[in-house]
Amino acid sequence: MYGFEAMTFNIHGGYLEAIVRGHRSSLLTAADYNNLCQCESLDDIKMHLSATEYGPYLQNEPSPLHTTTIVEKCTLKLVDEYKHMLCQATEPLSTFLEYITYGHMIDNVVLIVTGTLHERDVHELLDKCHPLGMFDSIATLAVATNMRELYRLVLVDTPLAPYFSECITSEDLDDMNIEIMRNTLYKAYLEDFNRFCQTLGGATAEIMSDLLAFEADRRAVNITINSIGTELTRDDRRKLYSNFGLLYPYGHEELAICEDIEQVRGVMEKYPPYQSIFAKVSYGESQLLDNAFYVEEVKRLCLAFEQQFHYAVFFAYIRLREQEIRNLMWISECVAQNQKSRVHDSVVFIF
Amino acid sequence: MGSLSSSLRQGWLELSSARHSMGNSRISSVLFDMKPHSSATTVDLTVSLPVNVPHTTQPHFSLLKWGSRGDEKSPSVEVDGKTPSQASSCSGRTICGLLLLKCGRRRSKALSMFGALVPPKLRVAQGSFETSLEAIIEIANTRSTILSALGRLQTVDLRS
């Protein structure tokens, strides 16, 4: 019953909620980012990060460092924390934690399939996969030539199997089919995750429904903008939007027929939560839209920690940590390319 | 050289920005297409022989972007068996429009290794690298002109 979680939540979830709140307090602050933004080289970044919880993961890396190395090691820290929480979790929290990784699983499947289509070696593709999205039979994806084989040979035994019902065809895999598959799987995943959170009820359902609705709306905007000027038809574009969120259904109908970014702006500005996002982006500066969405997402994720006794804190922590890794990646790239004047273009402060 | 350096730096930063928003798994060297395919952009080298200066050559470089000959402002490629000069002025404009559409499709196809739906940042990065290529060709042609002029000057000095 909503409002009475305090009576029972701590029996099974108290330890892990305390753990995740402890992890949250170790996220980098604005002062940390200011120090990092003043670094002259990647070794300076490594030195500054050695004083943080990333220190043990970077200390043995030899110079010269590469930006991908920094991102890999920081991601390993997130993976270790996630695995610790997963092995300590009981149902339904363990299922909730597994749901968080299905997005990475979809990305890894698409990476392997795309790389195989381009005749790349499967081992170098596996090295690039996100560790949170790995599963046992992932290497077998390389043998499939169409989606039916993909499903029958490999994915039928994975958590992604239920999401394939909408995109199984016998057409050979090509770039457009793979992109449609990616977005169709992600749409099915978001809808399933949303349904699962609603079954949990209480604060988890309320907070997660807001966070997942924002994710669905952001994906709809990105799909619209990225498909402008491509071969994707309006009907196919409409089919890739999730069946929930603030924009569902009328916003989706309008987005499906947009032919340029200003029309997308016109649609989104009718929705008050997104007016502020598009207000930050001037006409002709659509490239800043991603950053504006990240800023809004971080604000919503931080608010999740204001309430106790729910699972959304785990989702929020993983997403905030991923944002932190994106920040570190951007700072590293700007330092490595000697473009420190642009470092504040894409860094999103979490606290 | 300054504009070349600037456009290259801009291109690399925009590529990093695209990787930042799309994710490392979507913008990565492991997605480059290893299947045999022809290059969408090539450099054509023509060598001219200046009339009054024997035994010297002047190379001229031209960039053939996205399968076209010449630049996009004055295309000379054949479309449907006709060149713009052969067609009437109205259909010539239509052929130019078709050519631009063809170049646009080839430009998008080059990015398809990163996915069919790529963000505007990646397209901007592509544009920056195209600008860099044009700058490199301009520098090469300028160098060729200077070296040829130097050769002619040396020949005149020797005669006198």
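Source: prediction; values computed, not measured.

Novice: So what's going on with the pattern of salt bridges? Residues and values would help.
Specialist: Residue and element names in this part refer to chain A. This structure, assessed with the given rule, holds 29 salt bridges over all chains. In this structure, Glu81 and Lys77 form a salt bridge, with 2.1 Å as the shortest nitrogen-oxygen distance. Taken as a pair, Glu81 and Lys77 lie in helix 6 (residues 67-88) at a separation of four residues, close to a single helical turn. Under the relative-accessibility criterion, Glu81 is labelled buried at 8%. Using a relative accessible area of 3% as the deciding quantity, one classes Lys77 as buried. Because the salt bridges share partners, they merge into one network encompassing Glu53, Lys77, Glu81, Arg321 and Glu324.

Novice: Pulling in residues and values, what's your account of the interface of chain A and chain B?
Specialist: Listed as interface residues are 37 residues of chain A and, on the opposing side, 31 residues of chain B. Across the chain A to chain B interface the summed buried area is about 3,100 Å²; carbon plus sulfur atoms make up 56%. The tally of links between chain A and chain B comes to three salt bridges. A:Asp290 is the partner of B:Lys121 in a salt bridge, and the nearest nitrogen-oxygen pair spans 3.5 Å. Across the contact surface, chain A and chain B share 17 residue pairs in polar contact (both at pLDDT 80 or more). Listing elements by their share of the side of chain A that touches chain B, those giving two or more residues are helix 7 (93-117), helix 8 (122-128), helix 10 (175-200), helix 11 (202-227), helix 16 (289-304) and helix 17 (312-336) of chain A. Of the residues that constitute the side of chain A that touches chain B, the class distribution is 13 nonpolar, twelve polar and twelve charged.

Novice: Pulling in residues and values, what's your account of the environment of A:Leu49?
Specialist: All names here are of chain A. Residue position: Leu49 is located in helix 4 (residues 42-49). Overall, Leu49 belongs to the buried group, its relative accessible area being 1%. On a C-alpha basis, the gap between Leu49 and Asn35 in space is 9.9 Å, while along the polypeptide they are 14 residues apart. Among all residues touching Leu49, those that are not within four sequence positions of it are Leu28, Leu36, Tyr54, Gly55, Leu58, Ile70 and Leu328.

Cut-offs used in this document
- Position labels on residues start from 1 in each chain and follow its written sequence.
- Lettering for chains starts from A, numbering for ligands starts from 1, and both go in the order in which the items are written.
- Where local features are concerned, this predicted model is filtered to residues with pLDDT of at least 70; where side-chain atom pairs are given and counted, the filter is 80 or more; whole-chain, interface and lining totals use all residues.
- Hydrogens and waters are ignored; side-chain quantities use all the structure's heavy atoms.
- Here, a salt bridge means any Lys or Arg side-chain nitrogen found within 4 Å of an Asp or Glu carboxyl oxygen.
- For the purposes of this entry, the term helix denotes a DSSP run of H or I that reaches at least four residues, the term strand denotes a run of E that reaches at least two, and both are numbered from the N terminus.
- To sort residues, take the accessible area from a 1.4 Å probe on protein chains only and compare it with the maximum for the residue type: under 20% means buried, over 50% means exposed, and anything in between is partly exposed.
- By the convention used here, residues are in contact when the closest approach between their heavy atoms is within 4.5 Å.
- We define buried area as the total accessible area lost by two parts upon association, computed with a 1.4 Å probe and summed across both.
- Counted as a polar contact is a pair of N or O atoms within 3.5 Å, where, for protein atoms, one must be capable of donating a hydrogen and the other of accepting one, and residues adjacent in sequence contribute only when both atoms are in side chains.
- Following the grouping adopted for this structure description, the nonpolar residues are Ala, Val, Leu, Ile, Met, Phe, Trp, Tyr, Cys and Pro, the charged ones are Asp, Glu, Lys and Arg, and the polar ones are all others, Gly among them.

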